[in-house]
Amino acid sequence: MTVEQGLFKRHFVGRDNFIWWLGQIVDETKWSANIPGYRTPTTEAHKGFEYRYKVRIMGYHTGSPSDLSDDDLPWASVMYPVTAGAGTGGSSSTPNLRQGNFVYGFFLDGEDAQQPIIMGVLGYNQYTQVLNNIPDTGFTPFQGYKFNEETIARYSLRSYKENSAATQDDTQGSSNNSTNQSTVGDNALADGASDQQKKEGQKRRSIPATSICEPQPLGQIQLDILQLVKDVEEARKSLTDWKTKVSTKIDDVQRWIEDKIKFVSDKVSQGIEWIIAKIEENTIKRVNDALKNTYNLLFPSERPNLKAAVETANDLLACIFKKIMKNLYSLVSKLLISIVDKLVNVTSCLINQFVGVLLGSILNDILSGVTSVLGTIGNIVGTAIDFAGDILGFIADIFSWLTCDTKPDCPEIDSWSPWDGVEKTASFDVQGLVNQVTNFAGNITDQVQGAVGAVEGAVGSIRGTVENAVNGFDVSPFGFPCDVGPFRCGPPVIDFYGGEGSGVTGNVIIGFTGEILGVDIITEGGGFSEPPFVKFKDNCGKGSGAVGRAILEYDPDAKNTSGGVLSNDTVIGGASGKEGCVPVSGLKNGRVVAVVIEEPGKDYLYGYDGSEGGGGRTFANYCETMVRRSSGCYDLPYVSGEIINLNVGDWIKYPNSTAIQVTEPQTVTAPSCGALPPITESIPTDAQSYSIDLTIERAVVLDPGFNYQPGDRIEVISEEEFPSNPNNGFVAEVSTVDPNGSIREIAIINPGSPFFSYPRLIVRSETGFNAKLAPKFRIARLTPEEVQRKQEASVNVIKVIDCVGKIPPKQEFQITP
C-alpha cells in the first residue's frame with residue numbers, strides 16, 4: 001500500500017502543479033448551518049465543521065444552479081494566516097466572508113478538484129452593481145445580506161442611487177432580469193454613514209463666554225436656529241432624496257420635525273430667560289428708585305403705607321415676570337414654527353429681529369404691568385406717582401447693561417466644530433437690537449401711559465403676547481428687511497480674527513483644480529500683536545480642508561522691551577548664538593502682508609456653478625427648479641420632470657434663469673437644464689474680477705526639520721505636468737541652517753513660470769529629515785494687454801473674483817416686489 005501511494009498516487013499538493021481557481025460563495029442558506037453562531041456544550045448541535053463554505057468555481061462548475069444545485073457543490077475550507085491561529089491553544093480567528101463574495105484558492109487534491117481551499121477574497125469597488133436577489137445565473141454579484149432578514153448597515157449604503165436592469169443569459173438561453181441596487185460595495189467611496197458623520201462633525205457648538213463678554217446669547221441663538229433650519233430641510237428631503245434617506249434614520253418625519261422644534265425652542269428660551277432676568281432686575285430697581293422720590297414727598301404718617309405698598313409692588317412685579325417666563329417657551333415655539341420654512345440663511349440681521357420681537361412683545365407686558373402696579377400704589381398712598389415721565393426712556397434704561405462701553409478683553413472665537421475647528425460667529429449690532437426692542441414696544445407707549453387697572457389684567461394680557469409677536473415678526477420675502485433666502489454658490493471668502501488687530505481684507509485665489517493657492521491682500525489692517533487666525537468660509541460647503549497662516553510685518557522703527565530688531569515677518573529678539581534669545585514683547589503695530597497656504601484643501605469653486613445655498617450647505621443644484629410661495633415659504637427644489645403646482649403670488653426660478661412671479665394659477669413641469677456650463681463662463685466681468693500670475697516669491701519654513709546641509713535642493717511636486725521642465729523652472733536651495741541642521745533660510749534662485757495649481761515643496765537631502773515648506777506667492781496683476789497676449793498664445797490665466805466690497809453675496813430671489 002505504501003509502495004502504491006509513493007509510486008502511483010498523483011493529484012495532490014506537493015506532487016503536481018498547483019491548481020488555482022476563482023469562484024463565488026453561494027446562497028448563505030446552503031452553508032450557514034455549519035456555523036452555529038453560539039457556544040454549545042457538545043458538538044451534537046453542529047451540522048458541520050465550523051467555517052466551511054459552498055463555492056461555485058469558474059471553469060469547474062456550470063454557471064446555472066438549475067443544472068448543478070448549490071447543495072451538490074464541494075465544501076471549501078479556509079486557509080488562515082499564521083497570525084490567526086488554528087483554534088488550538090486558545091488561539092483562533094473568524095473569517096469575514098459573506099454570500100456573493102468572489103474568492104480564490106487552490107485544490108488540495110489537485111486535478112480531482114474535490115477539496116477546495118479558500119486563500120483570499122476579491123473586494124468589490126464603487127462601480128460594482130449588486131443584485132438584491134440571489135440570481136439563478138452564477139458568477140453575478142448579488143447582495144451579501146440575508147434577503148429581507150438583515151438590516152443593512154448605513155456604512156454599506158451608498159449615497160447615490162442607480163436603478164438599472166442587469167440582464168445576463170444563462171446556459172439555457174433564458175433571460176434573468178433583476179434590479180441592481182448600489183447598496184453594498186466594500187470599497188464604496190461615498191456611503192451614507194460617512195455623509196452623516198460629516199454632517200454631525202460640521203455642526204458648530206457655541207463656546208461659552210462670561211456675561212460681561214456676551215450680555216446677550218445671540219450667537220448661540222443663531223447657531224441653534226440655523227441648525228434647526230438644516231435639520232427640518234434634511235427631514236423633508238428624506239421623503240424623496242436618496243442621499244438624505246440613506247444617511248438619516250427618520251421614521252416619522254412630521255414628529256421628528258416637531259421634536260426638533262421643541263428642542264430648539266427650549267434652548268432659545270433658556271437664552272432669552274437670562275435676558276429677561278436682567279430686565280427684571282433693572283425694572284425692579286427702576287421702579288424702586290421712582291418710589292424713593294415719592295417717599296420723601298409724603299407725610300411721615302403716610303410713609304408706612306408706602307412701605308407696605310412697595311413690598312406689595314415687588315411681589316406683583318415678580319408675579320408678572322414669573323408669568324412671562326411661563327409663557328416664553330410657547331412664544332418661542334410659535335415664532336419658530338412660523339418662520340422655519342421661510343429661511344435658507346440665518347443671518348445676524350434675522351437674529352436681531354427675532355430677539356427684538358421677542359423682547360419687544362414681552363416688554364409690552366412689562367410696561368402694562370409696571371403701570372398697573374404704580375396705579376395700585378397710587379391708590380394706596382392717595383397720590384399719583386410720576387414714573388419718570390418717559391416710557392421710552394425707561395426702556396433704554398433697563399437695556400443699558402447691553403450697551404456698556406467698558407468691555408474687558410474677550411475671546412474673539414465663539415464657536416467650534418470637530419470638522420471645521422474654531423470660528424467667529426457674525427458680529428451683532430447690540431444697539432440695533434435695543435432700537436428694535438424700543439421701536440416694537442414703543443408702538444403701545446400711548447396706551448400704556450393711559451392704562452390704569454388691576455395687576456391681574458396686566459398679567460392676563462400676556463396671553464396675547466404670542467399672537468402679537470408672530471404678527472410683528474416680518475421675515476419679508478426677497479431680502480426685506482433681512483436676507484434669508486439662498487445665495488449663489490461661488491468662491492470662498494476669508495475671515496481674520498484674533499491678534500488684537502483689525503481691518504484686514506483679501507480675495508481668495510483658487511486654482512483650476514479647486515485648491516486655494518493664496519490670498520491677495522487688499523487692506524493690510526493694523527494693530528496686530530500676533531498673527532490673527534485665518535478662516536476660509538465656503539457659503540455652500542463645496543470645498544474643505546484649506547489651512548492658512550497669516551504673515552505679519554511690523555514697523556521697521558518698532559522696538560521691544562528687550563531691544564530686539566524686526567525683519568520682515570520674522571521677529572528676532574535678544575542676542576544670538578549660545579548667549580540665549582529673549583522673546584519679543586510689547587509689539588502692537590503689526591499688519592498682515594500675506595497669507596501662506598499650509599494645506600490647499602479641495603473642491604473650492606473659482607467661479608459660480610449655478611447652485612445656491614448658504615449656512616455651509618447647498619440648497620439647490622444647478623439643474624433644480626426653486627419655488628418660493630406667496631407666504632414666504634420655500635419648497636424643496638424640484639428635479640427635472642417633477643410636477644409643480646403654482647398659485648398667484650408664488651415665485652419660481654428655473655435653472656439658469658431669473659425668478660419670476662406667477663400671475664395666474666398653473667401647473668408646470670420642472671425642466672432639464674442641459675449640459676452644465678463651465679465654471680469659467682460664470683466668472684464675473686473684468687469690472688468684478690482681475691487676472692493674475694503666481695510665481696513663488698519665497699519658501700516659508702513651517703517645520704525646520706534637522707540635519708540638513710546648505711545647498712540641499714528644493715523641488716516642486718505639483719499636479720501640473722511640465723514635460724520639458726519638470727520643476728516648472730523653479731530653482732531654490734537651503735542657504736542657512738543652525739548647528740542642528742534645522743533650516744533657517746532658503747534662497748530662491750529662479751521663481752519659475754506661473755503656477756496654476758498648488759505646488760508642494762520638498763527638500764532633496766541625503767542627510768536631512770522632516771522639514772515642511774509652503775510657497776509664498778508673488779501676486780502680479782495682469783494688464784488687459786498681457787491677458788490678451790496670453791489668450792492668443794493659449795496660455796492659462798487665473799482670474800480672481802473681487803469679493804472685497806464689490807460683489808456682495810447675491811440672492812437669486814432678492815427681487816423688489
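Rules behind the numbers
- Residues numbered from 1 in each chain as written.
- Predicted model: local features only at pLDDT ≥ 70, side-chain atom pairs only at ≥ 80, totals over all residues.
- Heavy atoms only, no water.
- Helix = DSSP H or I, 4+ residues; strand = E, 2+ residues; numbered from the N terminus.
- Buried < 20%, exposed > 50% of the residue type's maximum accessible area, 1.4 Å probe, protein only.
- Contact = heavy atoms within 4.5 Å.
- Areas by Shrake-Rupley, 256 points an atom, 1.4 Å probe, with all protein chains shown as cover.
- Pairing = 2+ DSSP bridges.
- Axes fitted to C-alpha atoms, helices over the stretch in contact; angles between N-to-C directions.
- Polar contact = N/O pair within 3.5 Å; in protein donor to acceptor, adjacent residues only side chain to side chain.
- Salt bridge = Lys/Arg side-chain N within 4 Å of Asp/Glu carboxyl O.
- Phe/Tyr/Trp six-rings, centres within 6.5 Å; stacked < 30°, edge-to-face > 60°.
- Lys NZ or Arg CZ within 6 Å of the ring centre and 35° of its normal.
- Disulfide = S-S within 2.5 Å.
- Patch = residues over 30% accessible without salt bridge, like charges linked within 9 Å, V, L, I, M, F, W, Y side chains within 5 Å.
- pLDDT = per-residue confidence, 0-100.

**Observations concerning the overall build of the chain**
Within the chain, the secondary structure is distributed over 13 helices and 34 strands. Each of the 817 residues in the chain was classed as buried or not, and the buried ones make up 45%. Pairs at least 24 apart in sequence give 74% of the contacts found in the chain among residues at least 6 apart. Just so you have it, the chain exposes about 41400 Å², and 50% of that area is on carbon and sulfur atoms.

**So, the sheet that holds strand β32 (residues 760-764)**
Spatially, the four strands line up as an open sheet ordered β31-β30-β29-β32, and their pairing is antiparallel. Each of the sheet's edge strands pairs with one partner strand only, and the pair in question is β31 (743-751) and β32. Each neighbouring strand pair of the sheet contributes to a mean axis angle of 35 degrees, computed without reference to strand direction. Judged from the seven bridges that link them, strand β30 (residues 730-737) and β31 form a sheet pairing that is antiparallel. Across the sheet, residue Val734 finds its bridge partner in β31, namely Ile746.

**Things to note about the side chain of Asn507**
Mapped onto the fold, Asn507 is located in strand β14 (residues 502-510). Overall, the relative accessible area of 1% leaves Asn507 in the buried class. In terms of polar contacts, Asn507 uses its side chain to reach the side chain of Tyr690, at 3.2 Å. Side chain to side chain, Asn507 and Asp802 meet in a polar contact 3.0 Å long. Each residue touching Asn507, except ones within four places of it in the same chain, is listed here: Gly518, Val519, Asp520, Ile522, Tyr690, Val800, Ile801, Asp802, Cys803 and Val804.

**Looking at the sheet that holds strand β34 (residues 798-801)**
Sheets are built from strands paired through backbone hydrogen bonds, the pairs being either parallel or antiparallel. Strand order in this open sheet of three strands is β33-β28-β34, and the pairing throughout is antiparallel. With one partner strand each, in any of the chains shown, β33 (772-781) and β34 form the two edges of the open sheet. Across this sheet, the average inter-strand angle for adjacent strands is 55 degrees, counted without regard to direction. Note that strand β28 (residues 689-703) and β33 share 10 bridges and pair antiparallel.

**Considerations on the pattern of salt bridges**
Applying the stated criterion across every chain, the model contains 22 salt bridges. Overlapping salt bridges, with partners in common, bring together Glu233, Lys237 and Arg617 in one network.

**Focus: the side chain of Arg629**
Inspection of the secondary structure puts Arg629 in the loop between β23 (626-628) and β24 (643-646). In this structure Arg629 comes out as buried when scored by relative accessible area, which is 17%. For Arg629, the contacting residues outside a window of four places in its chain are Asp635, Tyr638, Ile644, Asn645, Leu646, Asn647 and Asp650.

**Structural notes on the packing of aromatic side chains**
Scanning all chains against the criterion turns up 11 aromatic pairs. Plain terms: the ring middles of Phe619 and Tyr634 are 6.2 Å apart, the flat faces sit at 80 degrees to each other, and that makes the pair edge-to-face. Taken together, the residues Phe619 in strand β22 (residues 617-620) and Tyr634 in the loop between β23 and β24 connect sequence positions 15 residues apart. For the pair shown, Phe619 and Tyr634 are each scored as buried. Taking NZ or CZ as reference, Arg488 lies 3.9 Å from the ring centre of Tyr608, over its face. The side chain of Arg781 reaches across the aromatic face of Tyr690, ending 3.6 Å from its centre.

**Here's the deal with the environment of Leu223**
Tracing the backbone through its elements, the reader meets Leu223 in helix α3 (residues 218-237). Among the residues examined, Leu223 registers a relative accessible area of 7% and is labelled buried. Residues Leu223 and Arg204, 19 residues apart in the sequence, show an inter-C-alpha distance of 7.0 Å.

**Quick look at the state of the cysteines**
Among covalent bonds in proteins, the disulfide is the one between the sulfur atoms of two cysteines. What the rule picks out here adds up to one disulfide. The disulfide partner of Cys489 is Cys540, and the S-S distance across this bridge is 2.0 Å. Its S-S torsion of about -90 degrees marks the bond between Cys489 and Cys540 as left-handed, since a negative value means left-handed. With Cys489 in the loop between β12 (487-488) and β13 (493-497) and Cys540 in the loop between β16 (533-537) and β17 (544-553), this residue pair connects regions lying 51 residues apart in the sequence. Classification of Cys489 as buried rests on a relative accessible area of 1%. Given a relative accessible area of 3%, Cys540 falls into the buried group.

**Some remarks on the pairing of β28**
For a regular strand, side-chain orientation follows a simple rule: the groups alternate between the two sheet faces. The element β28 is extensively covered by neighbouring structure, given that 11 of its 15 residues are classed as buried. One ladder, built from four bridges, connects β28 with β34; its direction is antiparallel. Of the residues in β34, the one forming a bridge with Ile692 is Ile798.

**Some remarks on the pairing of strand β2 (residues 53-57)**
Counting buried residues along β2, five of its five residues qualify, which places the element largely inside the surrounding structure. The side-chain alternation of β2 yields two buried faces, one formed by Tyr53, Val55 and Ile57 and the other by Lys54 and Arg56. Here strand β1 (residues 20-25) pairs with β2 via three bridges, running antiparallel. Opposite Ile25, over in β2, you have Val55 as the bridge partner. Across two bridges, β2 lies against strand β3 (residues 75-78) in antiparallel orientation. Of the residues in β3, the one forming a bridge with Lys54 is Trp75.

**Focus on a nonpolar patch on the surface**
Taken together, the side chains of Phe18, Trp20, Leu22, Met58, Tyr104 and Leu122 define a hydrophobic patch exposed on the protein surface, amounting to about 530 Å² of accessible area. Its place among the elements puts Tyr104 in strand β4 (residues 102-107). What makes Tyr104 partly exposed here is its relative accessible area of 30%.

**Side note on unusual backbone geometry**
A positive phi angle is found at Glu500, which is not glycine, with a value near 70 degrees. Here Glu500 is to be found in the loop between β13 and β14.

**Considering the confidence of the model for the chain**
Overall, the prediction assigns the chain a mean pLDDT of 74, with 65% of residues at 70 or greater. Ranking the elements of the chain by mean pLDDT puts helix α11 (residues 455-460) last, at 36, and β24 first, at 94. pLDDT under 50 marks residues 444-480. Its contacts with residues more than four places away, or in other chains, come to 79 contacts. Contacts of residues 559-585 to residues separated by more than four positions or lying in other chains number 35 contacts, the stretch itself having pLDDT below 50.

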